[in-house]
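# Structure assessment
Take a look at the letters that make up each chain.
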Amino acid sequence: MSSQDHTHVRPWRAIARRPSRKIRVGDVEVGGDAPITVQSMTNTVTADAAATIAQVRQLEEAGADIVRVSCPDEDSTAAFREIARAARVPLVADIHFHYRRGIEAAKAGAACLRINPGNIGSPDRVREVVQAARDHGCSIRIGVNAGSLERELLERYGEPCPQAMVESALNHARILQDHDFHEFKISVKASDVFMTVAAYQMLAEAIDCPLHLGVTEAGALRSGTVKSSIGLGSLLWAGIGDTIRVSLAADPVEEVKVGFDILKSLGLRHRGVNIIACPSCARQGFNVIQTVETLEQRLAHISTPMSLSIIGCVVNGPGEALMTDLGFTGGGKGSGMVYVAGKPDHKMDNAQMVDHIVQLVEARAAEIEAAAARTAGAAPPQAAE
């Protein structure tokens, strides 16, 4: 059960999401009361459809709700049709400057176009792209980056700043609104965490469209994870944000993992096994760090939400196990206690505990999924409209 389910007795866990209108990216809802979605982006050469499809598949298996694909040239949009047919999640076509790429991507099956309307040419060209999006059921993401602000804004403000980013975003939004197109979301990203957070805070007050969160060019896996967790975490905690992308100079699959970990830590999304583990010390009855690393690998295939505590000794072990679906606490001579639903259940030798825990988690996941299927099957039929 999620922490959000207990807000009536634990109000300090409550997050009141900013009201926003809802749009669709393919069959995925973004904004409003829809779950906060996790995105990533391929880094293969898009024209190599086979390689790009393979990476899209990896991101899907990691749990990505939406995947973005760059379309810098005509070869890319030509390959996009094959990629979109193979994808199981909606694809966003990343378009910069070339309005024809946007039209081609919309025709090729893009669920969303990432563009800045003010950067793709004359009003006639903007009108053509917007019409293509409307004709093919595409939404649009306006993507403002601190590193590519319009010259006139930089001259007026002197440097990239939250005010300039928000003004740019609203200017682009106005172009779409003038074409009576409202299926759009906005991002205002910077590599500076302070600027990013301030820009999103301002934008959240200025417009009701869904917001796509991200700290752009956050860095390598560890440093980028830290920066993204601070920036995205503070915004999400304040109720701001409807879809997120963690931008890492790393395997895109890691972006998805980090994104879900950020959402899980705030009780906003739950996917897979949430392992609660102690940092270990001289009291540990088994090698906690090695055990957790092994369990993360062995349980990566589990998408069913559940919690697992792995604690080295009895100081905090029983208390942590009380709050998790399954738990293991060390302290015995070569063995530890297995907890089920918060209660001590049986002992298990340390040498066998990893295999045993994996079996327990898999069995519990099967039970949860079977119960969910029974509940869905017992649901009353919807009244005909």
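Residues numbered from 1 in each chain as written. Predicted model: local features only at pLDDT ≥ 70, side-chain atom pairs only at ≥ 80, totals over all residues. Heavy atoms only, no water.

### Quick look at the side chain of Asp325
Inspection of the secondary structure assignment puts Asp325 in the loop between α11 (317-321) and β13 (326-330). No salt bridge forms around the buried Asp325; measuring N to O, its nearest opposite-charge neighbour Arg364 is 4.5 Å away. A polar side-chain atom of Asp325 sits 2.8 Å from the main-chain amide nitrogen of Ser307. Every residue in contact with Asp325, bar those within four places of it in the chain, is listed here: Met306, Ser307, Tyr339, Val340, Ala341 and Gly342. (Helix = DSSP H or I, 4+ residues; strand = E, 2+ residues; numbered from the N terminus. Buried < 20%, exposed > 50% of the residue type's maximum accessible area, 1.4 Å probe, protein only. Lys, Arg positive; Asp, Glu negative; His and termini not counted. Salt bridge = Lys/Arg side-chain N within 4 Å of Asp/Glu carboxyl O. Polar contact = N/O pair within 3.5 Å; in protein donor to acceptor, adjacent residues only side chain to side chain. Contact = heavy atoms within 4.5 Å.)

### Quick word on the nonpolar core
Membership of the largest hydrophobic core comes to 82 residues, with the highest contact counts inside it found for Leu113, Ile186 and Leu236. Top contributing element to this core by residue count: helix α7 (residues 193-206), with 7 residues. Setting aside anything within four residues of it in sequence, one finds Leu113 in contact with Val92, Ala93, Gly102, Ala105, Ala106, Val129, Ala133, Cys138, Ser139, Ile140 and Arg141. By size, the runner-up hydrophobic cluster in this structure holds 21 residues, among which are Val292, Leu295, Ile302 and Val358. (Core = buried A, V, L, I, M, F, W, Y, C linked by side-chain atoms within 4.5 Å.)

### Remarks on the environment of Asp124
Relative to the assigned elements, Asp124 resides in helix α4 (residues 123-135). Between the C-alpha atom of Asp124 and that of Met195, which follows or precedes it by 71 residues, the distance is 34 Å.

### A word on the sheet that holds strand β3 (residues 37-41)
Pairing in this open sheet of 8 strands is parallel, and the strands run β8-β7-β6-β5-β4-β3-β10-β9 from one edge to the other. For this open sheet the edge positions go to β8 (184-189) and β9 (212-213), each flanked by a neighbour on one side alone. Relative to strand β5 (residues 91-94), strand β4 (residues 66-70) runs parallel, the two sharing 4 bridges. Among the inter-strand pairings, Val67 is bridged to a residue of β5, identified as Leu91. Running over the sheet, helix α2 (residues 74-86) touches β4 and β5 and is turned about 175 degrees from β5. (Pairing = 2+ DSSP bridges. Axes fitted to C-alpha atoms, helices over the stretch in contact; angles between N-to-C directions.)

### Quick look at the state of the cysteines
The full count for this structure, using the stated rule, is 0 disulfides. Cysteine Cys71 remains unbridged, with the sulfur of Cys138 as its closest cysteine sulfur at 11 Å. Between Cys138, a free cysteine, and Cys112, which holds the nearest cysteine sulfur, the sulfur-to-sulfur gap is 7.5 Å. Take Cys138: its relative accessible area is 3%, and that puts it in the buried class. (Disulfide = S-S within 2.5 Å.)

### Remarks on the pattern of salt bridges
Taken as a whole and assessed by the stated rule, the structure comprises 19 salt bridges. For the salt bridge of Arg245 with Glu255, the shortest nitrogen-to-oxygen distance reads 3.0 Å. Remark: Glu255 occurs in helix α9 (residues 252-265) and Arg245 occurs in strand β10 (residues 243-245); sequence separation between them is 10 residues. The pair formed by Arg245 and Glu255 is uniform in burial state, with each residue classed as buried. Here the salt bridges share partners, and the residues they tie into one network are Lys22, Arg24, Glu29 and Asp33.

### A short note on the environment of Ala105
When you line up the elements, Ala105 lands in helix α3 (residues 99-108). With 24 residues separating them along the chain, Ala105 and Arg81 place their C-alpha atoms 7.8 Å apart. With near-sequence residues (within four places) excluded, Ala105 lies in contact with Thr77, Phe80, Ala93, Ile95, Ala110 and Leu113.

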